[in-house]
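So the chains spell out like this:
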Amino acid sequence: MSARRILVVEDEAAIRQMIAFNLSRAGFEVDEAEDCSTARLRIADSRPDLLLVDWMLPDSSGLELTRTLRREEANREMPIILLTARAEERDKILGLDGGADDYITKPFSPRELLSRINAVLRRAAPPSDEPLIAGELRLDPVSHRVFVGEREIGLGPTEYRLLKFLMENADRVYSRTQLLDSVWGQNVYVEERTVDVHVRRLRKVLEEFQVDGYIQTVRGAGYRFSTR
Ligand code: CA
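The rules behind each value
Within each chain, residues carry numbers counting from 1 in the order of the written sequence. Side-chain atom pairs in this predicted model are given and counted only at pLDDT of 80 or more, local residue features only at pLDDT of at least 70, and totals for whole chains, interfaces and linings cover all residues. As a rule here, side-chain values cover all heavy atoms of the structure and leave hydrogens and water aside. In this document the domain limits rely on a domain assignment from an automatic tool or a database. The contact definition used throughout considers only heavy atoms, calling two residues in contact when any of these lie within 4.5 Å. As used here, buried area is the combined drop in accessible area, with a 1.4 Å probe, of two parts when they are placed together. A pair is scored as a salt bridge if a Lys or Arg side-chain nitrogen falls within 4 Å of a carboxyl oxygen belonging to Asp or Glu. Two N or O atoms form a polar contact when they lie within 3.5 Å of each other; inside protein one atom must be a possible hydrogen donor and the other a possible acceptor, and for residues adjacent in sequence the pair counts only when both atoms belong to side chains. Each helix corresponds to a stretch of at least 4 residues labelled H or I by DSSP, and each strand to a stretch of at least 2 residues labelled E; elements are numbered beginning at the N terminus.

### Here we look at the domain arrangement of the protein chain
Inference 1: Along its sequence, the protein chain is carved into domain 1 (5-124) and domain 2 (132-225).
Inference 2: Inter-centroid distance (C-alpha atoms) of domain 1 to domain 2 is 31 Å.
Inference 3: Between domain 1 and domain 2, the residue contacts involve eight residues of the former and nine residues of the latter.
Inference 4: Together, R111, S115 and R122 form the three largest contributors to the area buried by domain 1 at its contact with domain 2, with a combined 60%.
Inference 5: The tally of links from domain 1 across to domain 2 stands at one salt bridge.
Inference 6: We note a salt bridge from R111 to D181, for which the minimum N-O separation is 3.2 Å.
Inference 7: The interface formed by domain 1 and domain 2 includes three residue pairs in polar contact (both at pLDDT 80 or more).

And the structure:
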């Protein structure tokens, strides 16, 4: 799967660049726009997978942009997260009416931003029924079963989700924090060490079936699933 593209619409350059920096570092492709009219051009141009839109923009509002896109056949389903400096309930309700998928209130941490983005992207993507295959290893997302050749591997639910996530994103490195957000879910606060424990268990089971070396440790960075 190629990198997902995110369009960041924010007029404050410092905030926009901070967001772009963090998203790039997390492996996203990032486009930037400083107002709604530029955003419209970028959307037509490069069809982002997700829009991150500030509430207050010089030529219109993020809410207005959201509403407009929701009325258009081509953009009706586009995942949109609104950024707002105002946490008032009224804004949230207005935003929901406008059709945003989620909100983030400033100031936010890069980790919160990424976990919201990943959650919205996950909800937006229709789950695939296709089995994931790597060498002799086959994961069937419909039955939640994992096989090596004809033999079934028994995995705990966390090891299953971890393996599925890594196989879906093969050859990409994920930090422990990214794995926590993507596999354990947002707002779940467990220690990063937990990731190591489950990786170890998963490796052990795979090794029992002579599947070795697919889950690789990348020193100082995290883990990667790769058959190479
Ligand atoms: Ca603004």
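### As for the environment of R122
Inference 1: Mapped onto the secondary structure, R122 falls in helix 5 (residues 110-124).
Inference 2: Ignoring sequence-local partners within four residues, the contact set of R122 consists of D181 and S182.

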